[in-house]
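# Breakdown of the fold
Below, each chain spelled out in residue letters.
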Amino acid sequence: MKLSLADLLFYAVAVATLTTAAYAVFTRNIVRAVFSLLGTFFGMAILYGMLSADFVAVVQVLVYVGGILVLLLFAVMLTANIESARLSSPAAGWSWGLLAAVATGIILLPLALEAPWLQRELDVAGPGTATIGRSLLGNMLLPFEAVSVVLLGVVIGAVVVARLRRGGQDGEVQR
Amino acid sequence: MIQVGLQHFLVVGALLFCLGILCVLTRRNAVAVLIGIELMLNAAGLNFIAFARHQGDLAGGSLLVLFVIVLAAAEAAVALALILAFRRQVRTLDVDQIDSLKG
């Protein structure tokens, strides 16, 4: 079987993505976990690109790497002294979690491999950003606006929740 | 190793989802639980894009994943604000000990 360069690239990126994700799951140091997640999110962006979803790949980098990852780092640095920021994995929880994960894998993997998925060859030429943009301001306008309202609510809610003080000695927000 | 098709992406998504479940169920630190949730959302997004690519409606799948990404960001912001508030009030990030609504 002849492997093309794109196939080899896929295998490399998939292995890198899964490895960094596994490291983020299994390491006991939360700072290392967050930095390892950087590789996962970049790998996901490359996989999106290989599926010719270019706009989603860019948004993935912008939002996940530029936003969520920085937010996670902020949370780690604000909540714990870095040295003692260990993640414990208790014995009891470990076995049940492993059981659930393995059970999910037993269900999902054969399904992904053996189900007769409908596969149509799609010739994607050029970027699909224009289609997405027209759709967002066309038939998807209502969800688009609803998401903007949700984001406004999240901004206000996050600020209010993060300002909660014990006993309200701040004088502005009582918990 | 065979030619890369739909199944390959589905397998990557499934493995990523399992890792996310493992992270959510076994970790005690609230930030680590959030990491697991992000992994699961990423796995779902990969499946959406893979199906969309191989069934002819790439724009539709992309839109769905875009909304998922936006809501994941919103969820992360709220969760981290909650984590900060918990840290200040209960002095812990252990999700096993965070069990009271009225702190």
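Above this text you will find the structure in question.
The sections below set out a description of the structure shown in this document. (Residues numbered from 1 in each chain as written. Chains lettered and ligands numbered in written order. Predicted model: local features only at pLDDT ≥ 70, side-chain atom pairs only at ≥ 80, totals over all residues.)

Counting secondary structure elements, chain A contains six helices and zero strands. Ordering the α and β elements of chain A from the N terminus gives α-α-α-α-α-α. The long-range share in chain A, meaning contacts at least 24 apart out of those at least 6 apart in sequence, stands at 48%. (Helix = DSSP H or I, 4+ residues; strand = E, 2+ residues; numbered from the N terminus. Contact = placed C-beta atoms within 7 Å.)

With that out of the way, let us pick up the overall build of chain B. Along the backbone of chain B there are three helices and zero strands. Moving toward the C terminus, one meets the helices and strands of chain B in the order α-α-α. What you see for chain B is a C-alpha radius of gyration of 17 Å, clearly larger than the 13 Å of a compact globule of 103 residues, by over 25%. For chain B, the C-alpha atoms occupy an extent of roughly 50 × 30 × 15 Å along the three principal directions. Of all 103 residues assigned to chain B, the portion counted as buried reaches 55%. Intrachain contacts of chain B at a sequence separation of at least 6 include 45% that bridge at least 24 residues. (Rg over C-alpha atoms; globule rule 2.2 N^0.38 Å. Buried ≥ 20, exposed ≤ 12 C-beta atoms within 10 Å, placed from the backbone.)

We now examine helix α3 (residues 54-79) of chain A. Here α3 of chain A spans 36 Å end to end across 26 residues, near enough to the 38 Å set by a 1.5 Å rise per residue. Maximal helix bending in α3 of chain A amounts to about 30 degrees, located at Tyr-64 of chain A. Of all the residues in α3 of chain A, the buried ones are Phe-55, Val-56, Ala-57, Gln-60, Tyr-64, Ile-68, Leu-69, Leu-72, Ala-75, Val-76 and Thr-79 of chain A. Tucked inside the fold, the buried residues of α3 of chain A contact α2 (30-50) and α5 (129-136) of chain A together with α2 (30-55) and α3 (58-90) of chain B. (Expected span 1.5 Å × (residues − 1). Bend = angle between axes of the 7 residues up to and from the residue.)

Bringing helix α1 (residues 6-26) of chain B into the picture now. With 21 residues, α1 of chain B should cover 30 Å at 1.5 Å per step; its first-to-last C-alpha distance of 31 Å lies within 8% of that length. The buried count for α1 of chain B comes to 17 of 21 residues, which makes it a mostly enclosed element.

It is worth spelling out the interface of chain B and chain A at this point. Listed as interface residues are 65 residues of chain B and, on the opposing side, 76 residues of chain A. Elements that contribute at least two residues to the side of chain B that touches chain A include exactly α1, α2 and α3 of chain B. Here the element with the most residues in the side of chain B that touches chain A is α3 of chain B; it accounts for 24 residues. Split into classes, the residues belonging to the side of chain B that touches chain A amount to 47 nonpolar, twelve polar and six charged. (Nonpolar A, V, L, I, M, F, W, Y, C, P; charged D, E, K, R; others polar.)

Moving on to the nonpolar core. Core analysis: the largest hydrophobic core is formed by 73 residues, its most contacted members being Tyr-48 and Leu-72 of chain A together with Leu-19, Val-31, Ile-35 and Ile-49 of chain B. Mapped by element, the contributors of at least two residues to this core are α1 (5-26), α2, α3, α4 (91-114) and α6 (141-162) of chain A together with α1, α2 and α3 of chain B. The two domains that each donate at least three residues to this core are domain 1 (1-111) and domain 2 (127-175) of chain A. Setting aside residues no more than four positions away along its own chain, Leu-72 of chain A makes contact with Val-34 of chain A together with Val-31, Leu-34 and Ile-35 of chain B. (Core = buried A, V, L, I, M, F, W, Y, C linked by C-beta atoms within 7 Å. Domains from an automatic or database assignment.)

In this section: the packing of α1 of chain A against α2 of chain A. Residues and elements named next belong to chain A. In the contact formed by α1 and α2, the axes pass within 8 Å of each other and the chain directions differ by 150 degrees. Classified by the angle their axes make, α1 and α2 are roughly antiparallel. Remark: the crossing between α1 and α2 carries left-handed chirality. Contact residues: Phe-10, Val-13, Ala-16, Thr-17, Thr-20, Ala-21, Tyr-23 and Ala-24 in α1; Ala-33, Ser-36, Leu-37, Gly-39, Thr-40, Gly-43, Met-44, Ile-46, Leu-47 and Met-50 in α2. Grouping the amino acids of the contact of α1 with α2 by side-chain chemistry returns twelve nonpolar, six polar and no charged. (Axes fitted to C-alpha atoms, helices over the stretch in contact; angles between N-to-C directions. Parallel < 35°, antiparallel > 145°, perpendicular 65-115°, else oblique. Left-handed = near helix turned anticlockwise from the far one by under 90°.)

Next up on the list: unusual backbone geometry. Residue and element names in this part refer to chain A. With a phi close to 60 degrees, Ser-52 is a non-glycine residue in the positive phi region. Within the fold, Ser-52 resides in the loop between α2 and α3. Among the residues examined, Ser-52 registers 19 C-beta atoms within 10 Å and is labelled partly exposed.

This brings us to the environment of Ala-77 of chain B. With respect to the secondary-structure elements, Ala-77 of chain B resides in helix α3. On the basis of neighbour counts, which here come to 21 C-beta atoms within 10 Å, the residue Ala-77 of chain B falls in the buried class. Once residues within four sequence positions are removed from consideration, Ala-77 of chain B is found in contact with Leu-71, Val-154 and Ala-158 of chain A.

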